Each structure stands twice: as structure tokens, then as C-alpha cells.
Amino acid sequence: MNLELHAEVNADSEGSRLDRFLKEYLGDEISRASIQHWIDSGWVKDGSGKIHLKSSYKVSPGENFNISVPPKPPLNLTPVKMEIEVLKETPQYLIIRKPAGIASHSGPGDRSATLVNGLLYKFRELSSIGGESRPGIVHRLDKPTEGIMIVAKNDQAHAKLSELFRRRNITKKYLAWVQGTLPEGEGTIDRPIGRHPIERLKMTVTTKGRASVTHYRILKTAVSKNGRKFSLIEADLETGRTHQIRVHFQSLRCPVVGDLLYSRNAALFENYGLLLLSYWLEFKDPFTGEEVQVVLDPPQRFENFESNLENF
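How each quantity is defined
- Residues numbered from 1 in each chain as written.
- Predicted model: local features only at pLDDT ≥ 70, side-chain atom pairs only at ≥ 80, totals over all residues.
- Heavy atoms only, no water.
- Domains from an automatic or database assignment.
- Helix = DSSP H or I, 4+ residues; strand = E, 2+ residues; numbered from the N terminus.
- Buried < 20%, exposed > 50% of the residue type's maximum accessible area, 1.4 Å probe, protein only.
- Core = buried A, V, L, I, M, F, W, Y, C linked by side-chain atoms within 4.5 Å.
- UniProt positions renumbered as here; feature names shortened; annotations may be inferred.
- Contact = heavy atoms within 4.5 Å.
- 1 Å grid on protein atoms, 1.4 Å probe; cavity = no way out; pocket = protein on both sides within 12 Å on 5 of 7 lines; lining within 4 Å.
- Points joined across faces, edges and corners; volume = space filled by probe spheres on them.
- Nonpolar A, V, L, I, M, F, W, Y, C, P; charged D, E, K, R; others polar.
- Axes fitted to C-alpha atoms, helices over the stretch in contact; angles between N-to-C directions.
- Parallel < 35°, antiparallel > 145°, perpendicular 65-115°, else oblique.
- Left-handed = near helix turned anticlockwise from the far one by under 90°.
- Pairing = 2+ DSSP bridges.
- Arc of directions from axis to C-beta.

S.K.: Kindly report on the domain arrangement of the protein chain, identifying the contributing residues and their values.
M.R.: Where the parts come together, the accessible area they lose is often given as the size of the interface. Domain annotation for the protein chain reports domain 1 (3-69), domain 2 (74-167) and domain 3 (170-311). On a C-alpha basis, the centroid separation for the pair domain 1 and domain 3 is 33 Å.

Right, here's the structure in full:
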């Protein structure tokens, strides 16, 4: 049975390409290449039933699009036994704690076991709309980042949860230790993020990037005996770009402690890993209307760093 999805264009998307609009609507874990394939295959129709064969079609407010995606072939992924802490489970989705050092799903050049391999071992039913290599993955955390993730059990749940993210109806908060000095109290970092032009594994602040907004407040500050300054911050994401927190704070010359990709002295903190935790998730369950709130305590490595930071 085909998966039936419906998308309506609002004023914010006026003039967007059809493929870009659908990617924004359905969530970052569905690739633009997949959406272009859907369009080219005639699986995307407008409200009158007309098939749009061009991904470059410019959408207008009020337009409706119906997507009928045939079921995917069986997944060809190997289940791997893995300790995955389940924080909440419903018939439609799971909320889990992703360990640090585990990629959310497979990527180019990385053949190590991922969270997806562990999920396939532990759970029989996961959504397939995100692609063959991404069953269940509605949103992701960077490989070195620990914390809360939502996993969809079926395609309808995937679509509804992606819609919550698209409309920014999910509150995600992070804890992080950063280096350097930030303005006191709280602030907002509003800087567009895009792919680094030379180092392709990195993202960077660039005028050619996508709008990216991070709100933060300082929870505590500390200074080491060598004069190094550190701040424990809470970050609230208004957008969800790849490496957003890491790039935004590095752009202020306050990289996240232990960030091997964006900090020059990350090796000093190798015993603690990346000190970034997705610790707060809050939303209204799209199936029951229940207010869902999940909060994690910082892991022991955060406490270990704080007790030893005066030595850096």
C-alpha cells in the first residue's frame, strides 16, 4: 500500500522550488535526491491531480500537493546488538538516549555500526520514508553528541513528527560546556550556516547558507588556574541545521569543549568527549494530544570535567 502524504504551501514558502519546499515540509532526514526522484516518477501531484515533472517548479501560497510513495523494498541492513536506553515508547514512536560516539545512520566513508543497526536489532517496526539507510530516523544528532532522539515506528508517525519539526512545534534544548568569554546572561546567534567550501566534512557561517538561529543562556562560568575561561550554557534551537550549535559557538570563538572538528585544542579534553548533550525535548503528541516532556541529567563526564577544569 502506497504511503499518502499531503503538503500545503504557506506564505513563508512562496517562490520556493517544489523539491526544496517538499524537503522543508517533510524534514531534513529525507534527502532532496529522494524527493526529486518522487517528482520525476510522477508520485507528486497538485490539488487538481496534475503531475509536476519539474523539481524547479515554483510553488505559491495555498497550493496543495499530494504525494503517493510506493512501499520500499526490504531493508538490507544488519541488526547489531547495542545498548539503547528507551526513555518513552508509544505505539507510534520511541524516545531514546543516543550514546556519544555512535552515528545516527550510515554516511559516506563510515562503515562502523550506527544507531540504526542497534534499532533494527531491538525493534521490529521502523519507518522507511527517510530512506533505506535511515529507518526510523526523523531527526539526527551528530556522531559525538549524546542525548534525546525521537524514532518513528511507521511512516505515518514519521510524517507527523517531521511536520512538528518543520513547524517548530518541538522544543529542543542542549547543555554544553564552551570555551572563551560570552556576553553575560543570555543571547541569540543569528548567522546562516552552509557547507564549508574547502573542508567538506565541516559546516561554516556563510552568507550563502541557510538561516540558522540559536538562543542561549549562561548557567555558570569558571576559570582555570591557567586563566582559561569556560561557560556552561543552555542552547535552544530555533532551527536545526547540521552542526548548528558547534558552528555557531565556534563563530564566536567559543568552541564546544572537546570538539575535534571545530576546536584547535580539543585534544586537551579527549578524556571527556564532546561536552554537548541534547537534554530536553518537549512537544504535543500528534496522535493523543498529550504534552510530552523528557529531560536528561548530565552524564558523569560533564561532572568530571567540571571538577577538573581548574587544571586546564
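S.K.: Summarise the environment of Lys173; cite the residues concerned and give the values.
M.R.: Looking at where Lys173 falls in the secondary structure, it is placed in strand S7 (residues 171-179). Classification of Lys173 by relative accessible area gives buried; the value is 18%. Counting along the chain gives 77 residues from Lys173 to Gln250, while the straight-line C-alpha distance between them is 18 Å.

S.K.: Tell me what's going on with the nonpolar core, and back it up with residues and numbers.
M.R.: In this structure, Ile95, Ile150, Trp177, Phe230, Phe283 and Phe305 are the most contacted members of the largest nonpolar core, which totals 32 residues. Elements that contribute at least two residues to this core include exactly strand S5 (93-98), strand S6 (146-152), helix H4 (155-166), S7, strand S12 (229-237), strand S13 (276-284), strand S14 (291-295) and helix H6 (300-308). Here the element with the most residues in this core is S13; it accounts for five residues. Mapping this core onto the domain boundaries places at least three of its residues in each of domain 2 (74-167) and domain 3 (170-311). By size, the runner-up hydrophobic cluster in this structure holds 31 residues, among which are Tyr216, Ile233, Ile245 and Leu276.

S.K.: A description of the UniProt feature "active site" (unreviewed entry) in the protein chain should follow, citing residues and the corresponding values.
M.R.: The UniProt record marks Asp142 with the feature "active site" (unreviewed entry), using the residue numbering of this structure. With respect to the helices, strands and loops of the structure, Asp142 is situated in the loop between helix H3 (115-122) and S6. Using a relative accessible area of 11% as the deciding quantity, one classes Asp142 as buried. Setting aside residues no more than four positions away along its own chain, Asp142 makes contact with Lys98, His243 and Arg246.

S.K.: Residues and numbers for the layout of surface pockets, please.
M.R.: Estimates place the volume of the second largest pocket at around 340 Å³. Together, 15 residues line the second largest pocket, and Lys202, Gln250, Tyr262, Ser263 and Arg264 are the ones closest to its centre. When contributions to the lining of the second largest pocket are tallied by element, the ones reaching two or more residues are strand S10 (203-205) and helix H5 (244-251). The residue makeup of the lining of the second largest pocket, split by class, is six nonpolar, six polar and three charged.

S.K.: Before we move on, could you go through the packing of helix H1 (residues 18-26) against helix H2 (residues 32-40) and cite the residues and values that matter?
M.R.: At a closest axis distance of 9 Å, the pairing of H1 and H2 adopts a crossing angle of 120°. Taken as axis vectors, H1 and H2 run oblique relative to one another. In terms of crossing hand, the pair formed by H1 and H2 is right-handed. Between H1, through Leu18, Asp19, Arg20, Leu22, Lys23 and Leu26, and H2, the contact on the second element is made entirely by Arg32, Ile35, Gln36, Trp38 and Ile39. Of the residues assigned to the contact of H1 with H2, the class counts are six nonpolar, one polar and four charged.

S.K.: Talk me through H5; I want residue IDs and the actual numbers.
M.R.: In terms of burial, H5 is largely enclosed, as six of its eight residues are buried. Of the positions making up H5, those classed as buried are Gln244, Ile245, Arg246, Val247, His248 and Phe249. Arg253 lies just past H5 and shows a positive phi near 65°.

S.K.: Describe in detail the pairing of strand S4 (residues 85-89), supporting the description with residues and values.
M.R.: Summarising the sheet, S4 and S5 pair through four bridges and their orientation is antiparallel. Bridging across to S5, Lys88 finds its partner in Ile95. The antiparallel hairpin formed by S4 and S5 contains three residues in its connecting segment.

S.K.: A description of H6 should follow, citing residues and the corresponding values.
M.R.: Taken as a whole, H6 has its buried residues at Arg301, Phe302 and Phe305. Viewed end-on, H6 has its buried residues packed into an arc of 105°, placing them on one side of the element. Of the surrounding elements, those touching the buried residues of H6 are S6, S7, S12 and S13.

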